[in-house]
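# Observations on the three-dimensional arrangement
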Amino acid sequence: GRFKWVAGYSYVDATYQTPVTLLAESNSSADANGFINVRPGDRLPLVPRNTFKLSGDFQATGAWSLGANVIAVSDQFVRGNENNAHQADGVNFIGDGKAGSYAIVNLHTLYDLDRWELFARVDNLFDRKYATGGLLGTNPFDSTGRFQTDPNNWRHETFLTPGAPRGIWIGARYAFNKGTGK
């Protein structure tokens, strides 16, 4: 009918299958030489275990449609935390070595005027702050942004890749061959 919806869920159990030793100096569980031991069963970084998507569209009139979608993603380990064992101590190791779970809402509408289409879209409606990934790294700057010349003062931190902020698009499209069969 006039309402269509789609839901999708994925469960990805992406784990290491063989042991490996990796250089990860910013991981709190690293040995004195900066190496971590990854065991079979440790989760791969940057792969969320759960992803859920729900979208719906409503045909309000013959020409006008509107819809929304929700995307929800579970937390994920960041690069450098391949052994899933990093622990923050608040002094030398800042951040838990994960990109947190999040959910965002997007809206869209379209008005069809034969060859012209008018559209509007809002992504991340509530301007949710979220991260899509990250890595464990060394930060040579203090909290005021001043470079620390002594490497002993550098801290190991979880650096996060920010997700897109709220975005709004309004526009028009013209179709040159619409309805001509070409």
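So, here is what we can say about the structure in this document. Quick caveat, the model's predicted, so the values are computed rather than measured. (Residues numbered from 1 in each chain as written. Predicted model: local features only at pLDDT ≥ 70, side-chain atom pairs only at ≥ 80, totals over all residues. Heavy atoms only, no water.)

### What about the overall build of the protein chain?
Going by this rule: Working definition: helices are DSSP H or I runs of at least four residues, strands are E runs of at least two. Numbering for both runs from the N terminus. The globule rule is 2.2 Å times the number of residues to the power 0.38, and the radius of gyration it is compared with is taken over C-alpha atoms. Relative accessible area decides the class of each residue, using a 1.4 Å probe on protein chains only: under 20% of the type maximum gives buried, over 50% gives exposed, and in between gives partly exposed. The criterion used for residue contact is that any of the two residues' heavy atoms lie within 4.5 Å. When charges are counted, neither His nor the chain ends are considered; positive counts come from Lys and Arg and negative counts from Asp and Glu. To locate a charge, take NZ of a lysine, CZ of an arginine, CG of an aspartate or CD of a glutamate.
Regarding its fold elements, the protein chain presents 0 helices and 13 strands. Helices and strands in the protein chain line up, N terminus first, as β-β-β-β-β-β-β-β-β-β-β-β-β. Taken over C-alpha atoms, the radius of gyration comes to 23 Å for the protein chain, far larger than the 16 Å a tight globule of 182 residues would show. Dimensions of the protein chain, computed from C-alpha atoms along their principal axes, come out at roughly 70 × 40 × 30 Å. When each of the 182 residues of the protein chain is scored for burial, the buried share is 27%. By sequence separation, contacts in the protein chain at least 24 residues apart represent 66% of the contacts at least 6 residues apart. Positive and negative side-chain charges of the protein chain, numbering 18 and 17 respectively, have mean locations separated by a distance of 11 Å.

### Digging into the side chain of His-86
Using the following cut-off: Within 3.5 Å is the distance limit for a polar contact, defined as a pair of N or O atoms, with the added protein rule that one can donate a hydrogen and the other accept it, and that residues adjacent in sequence qualify only through two side-chain atoms.
Relative to the helices and strands, His-86 is located in the loop between β6 (76-77) and β7 (93-94). The exposure class assigned to His-86 is buried, which follows from its relative accessible area of 3%. Polar side-chain contacts of His-86 include one of 2.9 Å to the backbone nitrogen of Ser-28. At 3.0 Å, the side chain of His-86 forms a polar contact with the backbone oxygen of Gly-95.

### Looking at the pairing of strand β10 (residues 116-123)
Side-chain direction in a regular strand flips from residue to residue, so the side chains alternate between the two faces of the sheet. Stated formally: Here a strand pair is declared whenever DSSP counts at least two bridges between the two strands.
As defined by bridge partners, strand β9 (residues 102-113) adjoins β10 across 7 bridges and the pair is classed as antiparallel. Bridging across to β10, Asp-112 finds its partner in Glu-117. Counting the residues that bridge the hairpin from β9 to β10 gives 2 residues, and of these Asp-114 lies at a positive phi of roughly 60 degrees. With 8 bridges joining them, β10 and strand β13 (residues 167-174) adopt antiparallel strand pairing. Bridge pairing in β13 links Glu-117 to Arg-173.

### Thoughts on the sheet that holds strand β1 (residues 3-11)
The test is simple: To obtain an axis, a line is fitted to C-alpha atoms, over the contacting stretch when the element is a helix, and the angle between two such axes runs from 0 to 180 degrees between their N-to-C directions.
Strand order in the open sheet formed by 6 strands is β1-β4-β5-β9-β10-β13, and the pairing between neighbours is antiparallel. What marks the edges here is a single partner per strand, and that holds for β1 and β13. The mean angle between the axes of side-by-side strands here comes to 10 degrees, regardless of whether they run parallel or antiparallel. Across 9 bridges, β1 lies against strand β4 (residues 50-59) in antiparallel orientation.

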